[in-house]
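# A structural walkthrough
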Amino acid sequence: MHKRLQLIKQYKKQIKLPSKILSFYKSKTILVTGGAGAIGSNLCIMLSTLVGRNGKIIVLDNMSAHLGNNPADFPNLSNVLFVKGDLRDEITLKRVFRENPSLIFHLAAFFANQNSVDFPELSAETDVIGLIKLLDYSLMNNIEKFVYASSGCSIYGSYGKLPLKEDFMSMHLTTPYQINKMVGEMYCNYYFHQYGLKTINCRFFNSYGPGEVPGQYRNVIPNFIYWALTDKIIPITGTGNETRDFTNVNDLVQGLIKSCYYSEAEGKAFNLASGKETSINELANIISKKLNKKLNLEYVNSRKWDTKKRILASISLAKKTIDYKPICNIRDNIDDNINWFLDNFDNIRKYADFPLGMNSAVRK
Ligand SMILES: NC(=O)c1ccc[n+]([C@@H]2O[C@H](COP(=O)([O-])OP(=O)(O)OC[C@H]3O[C@@H](n4cnc5c(N)ncnc54)[C@H](O)[C@@H]3O)[C@@H](O)[C@H]2O)c1
């Protein structure tokens, strides 16, 4: 069995999804935008096991975040249909809606902060205009539920009281990505109130796990692992005492699946996080111990927009409303991430480095 599928099946066994959730998903047709991405690929593998032989997962992805063929090592699954196309494109939207999905998980995005600082209009085109088109198509096609991948950093800004709770929002965001993702939540709420489309906003916090290839605009964990394995200098922006709420991708997938099931979640927003803080220095230490090598750390200035000293999410609301139960912790579960790197290292090495000033997201 493909290793990614095996890992996800193991996780599914551990969390013991109740039978009402299993029967909700059985035989469904589900559209996942951004399904080739770091989080989307894990979600699609899990959904493929849930819908079974009579269901179908349609992945809509323009592959802008990827170099080469199947860099995220997506397994060959007979109930997953890949449609390569852009969510802003009407012909592509007609193609995927012709499959009659009843649920949508919208994960496609112009990823992420620095990329959007470099290309603000492209960020808004995908994250705002693309979303509006998808919401309109969802309405016209009587979609049952629409789950939106929001982002904690896009709602709470830098000055929220910890742990970050859903009732706070900041008007002082520091990148176009954050602004556009927040606007995305507002549009989902608008379609909920105006048209009764059942939208759910899931706020993610720094995800890690198999399927994320490092790169210029990617997250700290895949980049640290990659630099450590290639004996490169590892730049730490700031003092290294900054903290993040690192969340295992399987726990995020659990939250997505549950938020789509529970009717109490409709029209609401939830943090999906680990509820624990880890500093960047601790993270470097964990990776160093796991790889059994001394890392070549270099402390450099923070990027101007990166003003968040600490991030810690409250997960009480998700626990209460959707029975969210994260079971992973970074110290143990980073192993799967590192092993995935080691298993796929030739591919990852080939696709990891994008030319400077040019990102995968703007490649034609
Ligand atoms: N990774 C995190 O830590 C994190 C944190 C908060 C929020 N999020 C949100 O979660 C979602 C998934 O994140 P990810 O880490 O998997 O990102 P990702 O970049 O790996 O995945 C996004 C996918 O969307 C695709 N895409 C981009 N523009 C598109 C377009 N116009 N049309 C069709 N497909 C397009 C990309 O090719 C990519 O496969 C995003 O919406 C992101 O904003 C992620």
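Anything mentioned here points back to the structure above.
These figures come from a predicted structure and were not determined experimentally. (Residues numbered from 1 in each chain as written. Predicted model: local features only at pLDDT ≥ 70, side-chain atom pairs only at ≥ 80, totals over all residues.)

What follows concerns the overall build of the chain. Regarding its fold elements, the chain presents 14 helices and 13 strands. Compactness check: the chain gives a C-alpha radius of gyration of 19 Å against a globular reference of 21 Å for 364 residues, within 12% of the reference. Put simply, of all contacts in the chain between residues at least 6 apart along the chain, 82% involve residues at least 24 apart. (Helix = DSSP H or I, 4+ residues; strand = E, 2+ residues; numbered from the N terminus. Rg over C-alpha atoms; globule rule 2.2 N^0.38 Å. Contact = placed C-beta atoms within 7 Å.)

We now examine helix α14 (residues 345–352). The complete set of buried residues in α14 reads Ile348, Tyr351 and Ala352. Axial view of α14: buried residues confined to an arc of 105 degrees, hence all on one face. On its buried face, α14 is in contact with α9 (220–229) and α13 (330–343). (Buried ≥ 20, exposed ≤ 12 C-beta atoms within 10 Å, placed from the backbone. Arc of directions from axis to C-beta.)

The next thing to look at is unusual backbone geometry. Cis rather than trans, the peptide bond between phenylalanine 111 and alanine 112 has omega equal to -15 degrees. Relative to the helices and strands, alanine 112 is located in the loop between β4 (103–106) and α5 (113–118). Looking along the chain, the bond that leaves leucine 162 and enters proline 163 is cis, with omega of -5 degrees. Phi is positive for methionine 63, close to 60 degrees, though the residue is something other than glycine. Accessibility expressed as a C-beta count within 10 Å gives 18 for methionine 63, which makes it partly exposed. The phi dihedral of asparagine 100 falls on the positive side, at around 60 degrees, and the residue is not glycine. The topology assignment puts asparagine 100 in the loop between α4 (90–97) and β4.

A separate point is α9. The complete set of buried residues in α9 reads Ile221, Pro222, Phe224, Ile225, Tyr226 and Ala228. Residues of α9 that are buried make contact with β7 (207–208), β8 (234–237), α11 (280–291), α13 and α14. A positive backbone phi angle near 55 degrees is found at aspartate 231, which sits one or two residues after α9.

Right, let's get into the site of the ligand. Around the ligand sit 31 residues in total, of which Gly34, Gly37, Ala109, Phe111 and Ser151 are the nearest. Breaking the shell around the ligand down by element, the ones donating at least two residues are α3 (38–51), β2 (56–61), α6 (120–140) and β5 (145–151). Residue contributions to the shell around the ligand peak at three residues, all from α3. By residue class, the composition of the shell around the ligand is 14 nonpolar, 13 polar and four charged. (Near = placed C-beta within 6 Å. Nonpolar A, V, L, I, M, F, W, Y, C, P; charged D, E, K, R; others polar.)

Mapping histidine 172 onto the fold places it in the loop between α7 (153–156) and α8 (176–195). Considered as a pair, histidine 172 and tyrosine 156 are 16 residues apart in the sequence and their alpha carbons are 8.7 Å apart.

A separate point is the nonpolar core. Formed by 98 residues in total, the largest nonpolar core has its most connected members in Val32, Leu43, Leu47, Ile57, Val147, Cys202 and Leu256. The dominant element in this core, judged by the number of residues it contributes, is α3, at nine residues. Setting aside anything within four residues of it in sequence, one finds leucine 43 in contact with Val32, Phe105, Leu107, Val253 and Leu256. (Core = buried A, V, L, I, M, F, W, Y, C linked by C-beta atoms within 7 Å.)

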